[in-house]
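Residues per chain are reported as follows:
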Amino acid sequence: MISINSKLPTVGINIFSVMSKLAQENNAINLSQGFPDYPTDPKLIDFVTKAMKDGHNQYAPMPGLPVLREFIAEKANSLYNANYDPETEVTVTAGGTEAIFTALASVINPGDEVIIFEPAYDCYSPTVKLLGGLVKPFELHAPDYAIDWEMVKKLFTANTRLIILNSPQNPTGSILSKPDIEALIKLIKNTDILILSDEVYEHIIFDGEQHQSVALYPELQERSFVVASFGKLLHTTGWKLGYCLAPAKLMTEFRKVHQFNVFSVNTPMQLGVANYLKSEKVHETLSSFFEQKRDLFRSLITETKFKLLPCKGSYFQCVDYSTISDEHDLDFAKRLVTEFGVAGIPVSAFYTKNKADKILRFCFAKEQRTLEKAVERLMKI
Ligand SMILES: Cc1ncc(COP(=O)(O)O)c(C=O)c1O
């Protein structure tokens, strides 16, 4: 028998796959995994198809097609008053996930400590562990999941290498405010601490709030990897196209890993997306598109026994079910699928310590009819 010393002995199938499978088996409405159930813009599909038909089917340059990198740099520079050079500071990746993996792999050495805010998107912690790093979770609490920066400072040691930010945040829909950023700047001044800023929901922010990208702040920008995803921007999560922005010194290291990880990302989609985005300013309308969905979903949920938590960005709405049941959130989420036909994600899955607060996350990137049908079912509880 061949023996394998697992590098991630405690990691199983992730909660999104578990709940989606359960939803499928039970013919449930799937508000668990974060993906749209409405069609992709046919114009975008035409651009990608055309790129394939025109013969753009071979390797793209390792950092990405120049035309797409130029678009990315122009967008970031004009939105965040930054100065990213498309030649040396932008890399197209296989989704946000690859950008996160590659950024961490390029700077985390065994023994390095990485601070993450929990509940946290699920790939951060295993990636850090895989690299021999140490995860230092900082637990945030419902309903607003605010960060007490003075307490964060207590996690700092001589080995603190990097902090992962995520705003707008998955799963909580909370956002970082300007005072948050100012507190962070003060905290890391005169340190070598790096930042990985997961900004995949940068264009999904509500109620007139401004996204606080680290790219807006030179003191942070100079030490940050910024991660973005075209899956979120273009409602195409299955295309796995994203990018990373970082100052040249960090990006040089990033590309060393990227080139031996995926080498380059699929060509026709890069070209199709670049050509589509020349005429469609999707990022300018995405917030209002999702704000309507959020408002609809929230108003429907008020007809149920679930209690709404705030949602300032992303396409996730958290709900508190403590007046309905005492069950652990994983058990409750499973029963919701099997007995009521609606799938959500138990928020305990986003905590290292499985902190169970009786909160579920629902994805509202869905057709109006899907949301209405889901809430009709939730009303029966
Ligand atoms: C916070 C966060 N970061 C990263 C990703 C990964 O993005 P992609 O699907 O482009 O790999 C997701 C996807 O759901 C996410 O929610």
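Preceding this paragraph is the structure being described.
Visitor: Where do I start with the overall build of the protein chain in this structure?
Guide: When its secondary structure is counted, the protein chain shows 14 helices and 13 strands. Compactness check: the protein chain gives a C-alpha radius of gyration of 21 Å against a globular reference of 21 Å for 381 residues, within 12% of the reference. Structurally, the protein chain occupies a C-alpha span of about 60 × 55 × 55 Å along its principal axes. A total of 381 residues make up the protein chain; the buried ones form 55% of that total. Long-range pairs, those at least 24 residues apart, make up 75% of the contacts in the protein chain between residues at least 6 apart in sequence.

Visitor: Honestly, the side chain of serine 167 in this entry has me stumped. Any pointers?
Guide: Structurally, serine 167 is set in the loop between strand E5 (160-166) and helix H7 (178-188). From its side chain, serine 167 meets the backbone nitrogen of leucine 176 in a polar contact 2.8 Å long. Serine 167 has contacts with Ile175, Leu176, Asp198, Glu199 and His211, leaving out every residue within four places of it along the chain.

Visitor: Help me understand the site of the ligand in this model?
Guide: Around the ligand, 13 residues are found, and the nearest of them are Thr97, Asp198, Tyr201, Lys232 and Lys240. Side-chain polar atom of threonine 97 to an oxygen atom of the ligand: 2.6 Å apart, as the coordinates give it. For the shell around the ligand, the element with the highest residue contribution is helix H4 (residues 95-107), accounting for four residues. Across the shell around the ligand, the residue classes break down as four nonpolar, six polar and three charged.

Visitor: Looking at this structure, how should I read the environment of asparagine 26?
Guide: With respect to the helices and strands, asparagine 26 occurs in the loop between helix H1 (15-25) and strand E1 (29-30). Judged by relative accessible area, asparagine 26 falls into the partly exposed class, the value being 30%. The sequence separation of asparagine 26 and phenylalanine 260 amounts to 234 residues, and the corresponding C-alpha distance is 41 Å. Leaving out residues up to four positions away in the same chain, asparagine 26 has contacts with Val337 and Thr338.

Visitor: What is the right way to look at the packing of helix H12 (residues 282-301) against helix H14 (residues 368-378) in this model?
Guide: When two helices pack together, their arrangement is given by the angle between the helix axes and the distance between those axes. Taken N-terminus to C-terminus, the directions of H12 and H14 make an angle of 20°; their axes are 10 Å apart at the nearest point. The angle between H12 and H14 places the two elements in the roughly parallel class. The handedness of the crossing between H12 and H14 comes out as right-handed. Across the interface between the two elements, Lys293, Leu296, Phe297, Leu300 and Ile301 of H12 pack against Gln368, Leu371, Glu372, Val375 and Leu378 of H14. Its residues assigned to classes, the contact of H12 with H14 comprises seven nonpolar, one polar and two charged.

Visitor: Got a minute to help me understand the pairing of strand E13 (residues 359-363) in this structure?
Guide: On any regular strand, side chains alternate: one points to one face of the sheet, the next to the other face. When you tally the buried positions in E13, you get five out of five residues, the bulk of the element. The alternating pattern of E13 places Ile359, Arg361 and Cys363 and Leu360 and Phe362 on opposite faces, both of which are buried. Sheet topology places strand E12 (residues 345-346) next to E13; two bridges connect them, and they run antiparallel. Paired with proline 346 across the two strands is leucine 360, which belongs to E13.

Visitor: What am I meant to see in helix H3 (residues 66-80) here?
Guide: Every α-helix carries 3.6 residues per turn, so stepping three or four residues along brings you back to the same face. Relative to the 21 Å expected for 15 residues at 1.5 Å per residue, H3 spans 21 Å between its end C-alpha atoms, a close match to the ideal helical length. Buried residues along H3 sit against strand E2 (90-93), helix H9 (230-233), strand E8 (242-245), helix H10 (248-261), helix H11 (267-279) and H12. Immediately beyond the C-terminal end of H3, within one or two residues, lies asparagine 81, with a positive phi of roughly 50°.

Visitor: Looking at this structure, how should I read unusual backbone geometry?
Guide: Negative phi is the rule for most residues except glycine; trans is the rule for most peptide bonds. A cis geometry characterises the amide bond from serine 167 onward to proline 168, with omega recorded as -15°. Here proline 168 shows up in the loop between E5 and H7. Cis geometry is adopted by the peptide bond preceding proline 171, which originates at asparagine 170 and carries an omega value of 20°. Residue position: proline 171 is located in the loop between E5 and H7. The backbone phi angle of asparagine 190 is positive, close to 60°, even though this residue is not glycine. Among the secondary structure elements, asparagine 190 is positioned in the loop between H7 and strand E6 (194-198). Backbone geometry places serine 314, a non-glycine residue, at a positive phi of 75°. Assignment of secondary structure puts serine 314 in the loop between strand E9 (307-308) and strand E10 (316-320). For serine 314, a relative accessible area of 0% gives the class buried.

Visitor: Just to check I follow, could you spell out a negative patch on the surface for this structure?
Guide: Residues Glu70, Glu74, Asp85 and Glu87 make up a contiguous surface patch of negative charge. On the secondary structure map, glutamate 87 appears in the loop between H3 and E2.

Cut-offs used in this document
- Residues numbered from 1 in each chain as written.
- Predicted model: local features only at pLDDT ≥ 70, side-chain atom pairs only at ≥ 80, totals over all residues.
- Heavy atoms only, no water.
- Helix = DSSP H or I, 4+ residues; strand = E, 2+ residues; numbered from the N terminus.
- Rg over C-alpha atoms; globule rule 2.2 N^0.38 Å.
- Buried < 20%, exposed > 50% of the residue type's maximum accessible area, 1.4 Å probe, protein only.
- Contact = heavy atoms within 4.5 Å.
- Polar contact = N/O pair within 3.5 Å; in protein donor to acceptor, adjacent residues only side chain to side chain.
- Near = heavy atom within 4 Å.
- Nonpolar A, V, L, I, M, F, W, Y, C, P; charged D, E, K, R; others polar.
- Axes fitted to C-alpha atoms, helices over the stretch in contact; angles between N-to-C directions.
- Parallel < 35°, antiparallel > 145°, perpendicular 65-115°, else oblique.
- Left-handed = near helix turned anticlockwise from the far one by under 90°.
- Pairing = 2+ DSSP bridges.
- Expected span 1.5 Å × (residues − 1).
- Patch = residues over 30% accessible without salt bridge, like charges linked within 9 Å, V, L, I, M, F, W, Y side chains within 5 Å.
- Areas by Shrake-Rupley, 256 points an atom, 1.4 Å probe, with all protein chains shown as cover.
- Salt bridge = Lys/Arg side-chain N within 4 Å of Asp/Glu carboxyl O.
- Lys, Arg positive; Asp, Glu negative; His and termini not counted.
- Charge placed at Lys NZ, Arg CZ, Asp CG, Glu CD.

That is the geometry; function is a separate question.
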